[in-house]
Amino acid sequence: MKKLTSIVLALAMLLSAAALFASCSKKETLVVCNWGEYISDGEDGYMDVVAEFEKKFDCKVEYVVAETNETLYSLMKSGSVAYDVIFPSDYMVEKMAKEGMLAEINFDNIPNYKNILPEFKGLAYDPEEKYSVPYFWGTVGIVYNEKLLTPEDLATVENAKDFEILWSENYPNRIMMFNNPRDAFGVALKTLGYSQNTTSEAEIRQAAAKLKEQKFLYYMDEFFTAMPNDSLALGVYYAGDYLTVAAENENLKFVIPECGTNIFNDAMCIPKNARNQTLAEKFINFMLEPEVGRDNAEYLGYSSPNAAALEIMDEEIKDDPVAYPERKDSWEAFRDLPEETNALMRDLWAEILTDNK
Amino acid sequence: MKSKKPLIPYAIWMAIFVVIPLIMIIVNAFTDKSGAFTLDNLERIFFKDPTLRYNFLNSLKIALISTVLCLVLAYPIALIMARQKPSVQRLLHFLIMLPMWMNFVLRICSWLLVLQPDGILDVMLRGVGLLSPGQSNPLYMTETAVVLGIVYNYLPFMILPIYTTVAKIPRSLYEAGEDLGCSRWNVLKKIVFPLSVPGVISGLTMVFVPAMSSFVISMKLGGFALMGDIIDNYYKGTGGDPHLGAAVSIVLMFFIILSIALMNRFDKDDDVVLA
């Protein structure tokens, strides 16, 4: 009896699996791998972008999420995944292009590419405009809690020349730093007056020594709870995410120091092993539609490089100096670093975290 | 002979989720980026990298302190539990298990709310005048806070095995000891403790092993990295070195196996004495 039941169950499972495949094969499928919370999903009255695309092109979108550029890279390198559209950041686009992991995009299929502002085209990570279409951009800056800072520090931070205030002694255990080597070293290097893309061992060691001088709370997503609940006085984070926490706590302010900062560009790319490049190009083109671009930008708070979307965007968001600041020459985008430099940072990072006492 | 068929799914499961990953770690630990055999990773851990060596010793120190503290706290609790009415025992058992139904990261995050500046502890200490307004407790972001977090997290693993062995000791043994003129202290020392050694041993193992490889707790409550966080650092990211990460895990595993073997020896010896 038991045997019979199990055979019946197994058959039922097989049949349902087969049914699943059958229903899939009717429609075209697109596999999109994005970052978490990085697309308008129908909340707050904005467009459900994925559903809208599925309806318009009568296809099925398989939407998956990766955590960081590095995980996306290792997933793709392992060969166990085949995505059609990915959203890597500038330096990762450069690395993937260099290693032949990206397909050349056929821009004839992306007429909306004309909507992208010229200053975001042909940037150093993809100078020939072959592999990527800009999605969002943003900056890194000091986030501070007005209520918790001393008047002198408040005056200093409002006209911050560099990130030095993060090394203040006035706020023990209340200052956060990025919990990833690339961003943290970037902040320290900028404060020391060096390039964030330096490959000089001496400069990087100096930056590591600088990071060790302060006992930071090394945070990433913890930022979203610790910053608004007043337990942090100072921190450094991405502008778009600052706008999210600022909505919860009006004492939080954001400033980009004069010494410059990291400006990042996230782009849409098609991996070389994509199964459906034509549909992927349709998807990218769809993301550049003015209404889609606007809803994504208004919902997420990140800065849009899409001129057509900006035109129809809420004035208040468009004029927000945090989301759409005046760009300065001292701002630097991350470049892909040589293997030895990355390894050096990784070793020093282990040292910094071990000695953070 | 009994059929071995029911074991087959279990064996497949073990092969996929235990043996294969283990082989991958071992292979990684003894190879370099090009895949050639090397002992460099191990050499680096033991001789060349002061950070890794220091981190290892620090993890060992914190794990040992936490394990001893767990034992000191857990033993009296287990004794008191074992002396209650069965219904009370069941309730206490349930209460000790209760926090373990929650994810441990979540529980550590609640400790964060207690310890952080202007957190629950600060408000309480300021209320009773132990801290002046604006002052914060000296515990947050220290090794002590990490030990606290580990003890809190693994205490049930010490209490429960000790309680199980102590509860099985018949009352008549206590009475016999007292009848023959033993002080209560001597009853504890000469009768109860020797009989509870197996529980103590398994408690020690169950606390020491995860404490030694603990991660997240130290970063969240102490701000610094222990061995587990270092493995994480080397496994992910650009410039990461999974080969070194694997070698660190192997060294850690070796020490854990060694400590289990040592403790098991004690266990067996005692069995012989009791028999």
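From a predicted model like this one, the values you see are computed outputs, not experimental measurements.

A. Focus on the overall build of chain B. If you tally the helices and strands in chain B, you get twelve helices and zero strands. When the helices and strands of chain B are placed in sequence order, the string is α-α-α-α-α-α-α-α-α-α-α-α. For chain B, the C-alpha atoms occupy an extent of roughly 75 × 70 × 35 Å along the three principal directions. Counting all 275 residues of chain B, 41% fall into the buried class. Excluding contacts between residues fewer than 6 apart, the proportion of contacts in chain B whose partners are at least 24 apart in sequence is 69%. About 15300 Å² of surface is accessible on chain B, with carbon and sulfur atoms providing 73% of the total.

B. Quick peek at the layout of surface pockets. There is about 290 Å³ of room inside the second largest pocket. Residues belonging to the lining of the second largest pocket are distributed by class as follows: nine nonpolar, eight polar and three charged.

C. Expanded view of the domain arrangement of chain A. Residues and elements named next belong to chain A. The assigned domain composition of chain A is domain 1 (25-135 + 265-318) and domain 2 (138-263 + 333-355). Here the C-alpha centre of domain 2 lies 28 Å away from the C-alpha centre of domain 1. Contacts between the two partners involve eleven residues from domain 1 and, on the opposite side, twelve residues from domain 2. Taken together, the two surfaces of domain 1 and domain 2 that pack against each other cover about 1000 Å², and 45% of this comes from carbon and sulfur. Counting the surface domain 1 buries against domain 2, the share from its top three residues, Y91, E94 and Y302, is 43%. Between the two partners, domain 1 and domain 2, sit two salt bridges. For E94, the salt bridge goes to R335, with nearest N and O atoms at 2.9 Å. Between the two partners, domain 1 and domain 2, sit four residue pairs in polar contact (both at pLDDT 80 or more). Top element by residues in the side of domain 1 that touches domain 2 is helix α4 (residues 90-98). It accounts for five residues. Looking at side-chain class alone, the side of domain 1 that touches domain 2 contains four nonpolar, three polar and four charged residues.

D. Fine view of helix α7 (residues 143-168) of chain B. In this model, α7(B) (26 residues) spans 37 Å end to end at C-alpha, consistent with the 38 Å of a helix rising 1.5 Å per residue. Its maximal kink placed at B:Y154, α7(B) deviates by approximately 45°, while the proline B:P156 follows within four residues.

E. Representation of the side chain of A:N115 in the model. All names here are of chain A. Turning to its location among the elements, N115 is positioned in the loop between α4 and β4 (132-145). Judged by its relative accessible area of 10%, N115 is buried. Not counting the four nearest positions on each side in its chain, N115 is found in contact with L288, P290, P305, N306, A307 and A308.

F. Representation of the interface of chain B and chain A in the model. Contacts between the two partners involve 28 residues from chain B and, on the opposite side, 28 residues from chain A. With both sides pooled, the region where chain B packs onto chain A buries about 2300 Å², and carbon together with sulfur makes up 51% of that total. The tally of links from chain B across to chain A stands at four salt bridges. Between B:R44 and A:D347 there is a salt bridge; the shortest N-O distance is 3.1 Å.

How each quantity is defined
All residue numbers refer to positions counted from 1 along the written sequence of the respective chain. Here every chain gets a letter starting at A, and every ligand a number starting at 1, in the order they are written. Given that this is a predicted model, residues contribute local features only at a pLDDT of at least 70 and side-chain atom pairs are listed and counted only at 80 or more, while totals for whole chains, interfaces and linings are drawn from all residues. With hydrogens and water excluded, all non-hydrogen atoms of the structure serve as input to the side-chain values. For the purposes of this entry, the term helix denotes a DSSP run of H or I that reaches at least four residues, the term strand denotes a run of E that reaches at least two, and both are numbered from the N terminus. Only protein chains enter the accessibility calculation, which uses a 1.4 Å probe; a residue whose area is less than 20% of its type maximum is buried, one above 50% is exposed, and one in between is partly exposed. In what follows, residue pairs with any heavy atoms lying within 4.5 Å of each other are defined as contacts. A 1.4 Å probe and the Shrake-Rupley method give the accessible areas. Residues count as covered only by the protein chains that appear here. Cavities and pockets are defined on a 1 Å grid built over the protein atoms alone: a cavity is a set of grid points where a 1.4 Å probe fits but cannot escape, while a pocket is an open set with protein on both sides within 12 Å along at least five of seven lines, and lining residues are those with an atom within 4 Å of any such point. Grid points are joined across faces, edges and corners, and a volume is the space filled by probe spheres set on the points. For this scheme, ten residues count as nonpolar: Ala, Val, Leu, Ile, Met, Phe, Trp, Tyr, Cys and Pro. Four count as charged, namely Asp, Glu, Lys and Arg, and the remainder, Gly too, count as polar. Either an automatic procedure or a domain database provided the assignment from which the domain bounds are taken. Put simply, buried area is how much 1.4 Å-probe accessible surface two parts lose in total, over both of them, once they are put together. Put simply, a salt bridge is a Lys or Arg side-chain nitrogen that is within 4 Å of an Asp or Glu carboxyl oxygen. N or O atoms closer than or at 3.5 Å make up a polar contact, with two conditions inside protein: a donor-capable atom paired with an acceptor-capable one, and, for residues adjacent in sequence, both atoms drawn from side chains. In this scheme, a helix's expected span is set at 1.5 Å multiplied by one less than its residue total. The angle separating two fitted axes, one through the seven residues that finish at a residue and one through the seven that start at it, defines the bend at that residue.

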